[in-house]
Amino acid sequence: QVHVVESGGGLVQAGGSLRLSCAASGSVFSFNTGAWYRQAPGKQRDLVATITSAGSTNYADSVKGRFTISRDNANNTVYLQMNNLKPEDTAVYYCNAVVVVSTTTVPLLGWGQGTQVTVSS
């Protein structure tokens, strides 16, 4: 069974940068859309960014211009470069392979442990 492992989180000051990585155990990202989500304490899990197998990207309004999603199909990995981080970006970040249905994303895999991102003011 394919699973994902997220890494790269940490504690950073506002305005700083982090690069998250999502490694899959199989080639699931080669043929499917990759997605990053985040979940802040007491809140629902929200979609942050997606990247299709062709490389088309989409972002939540709150991260546009600051975050960049990319993929490395050869290494079955999806990345999230996060710049100009804000305290409101603090959350556990998760990745998944997804199917886009209308305006929603449907995860194809079980959820990993996620990686904690904490931004101090």
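**Thoughts on the pattern of salt bridges**
Between side chains of opposite charge, a pair can form when the charged atoms approach closely. Counted according to the given criterion, the structure contains three salt bridges. For Asp61, the salt bridge goes to Lys64, with nearest N and O atoms at 3.1 Å. Between Arg66 and Asp89 there is a salt bridge whose closest N-O contact spans 2.7 Å. In this pair, Arg66 is assigned in the loop between β6 (57-59) and β7 (67-72) and Asp89 in the loop between β8 (77-82) and β9 (91-101), connecting sequence segments 23 residues apart. Side by side, Arg66 and Asp89 carry an identical accessibility label, which is buried.

**Comments concerning the pairing of strand β4 (residues 33-39)**
Counted residue by residue, β4 has six buried out of seven residues, so it is predominantly covered. Pairing of β4 with β9 involves seven bridges; the strand directions are antiparallel. Bridging across to β9, Arg38 finds its partner in Tyr93. As defined by bridge partners, β4 adjoins strand β5 (residues 45-51) across six bridges and the pair is classed as antiparallel. Considered in β5, the bridge of Tyr37 is made with Leu47. Between the end of β4 and the start of β5, which pair antiparallel, lie five residues, with Gly42 showing a positive phi angle near 75°.

Conventions adopted
- Residues numbered from 1 in each chain as written.
- Predicted model: local features only at pLDDT ≥ 70, side-chain atom pairs only at ≥ 80, totals over all residues.
- Heavy atoms only, no water.
- Salt bridge = Lys/Arg side-chain N within 4 Å of Asp/Glu carboxyl O.
- Helix = DSSP H or I, 4+ residues; strand = E, 2+ residues; numbered from the N terminus.
- Buried < 20%, exposed > 50% of the residue type's maximum accessible area, 1.4 Å probe, protein only.
- Pairing = 2+ DSSP bridges.

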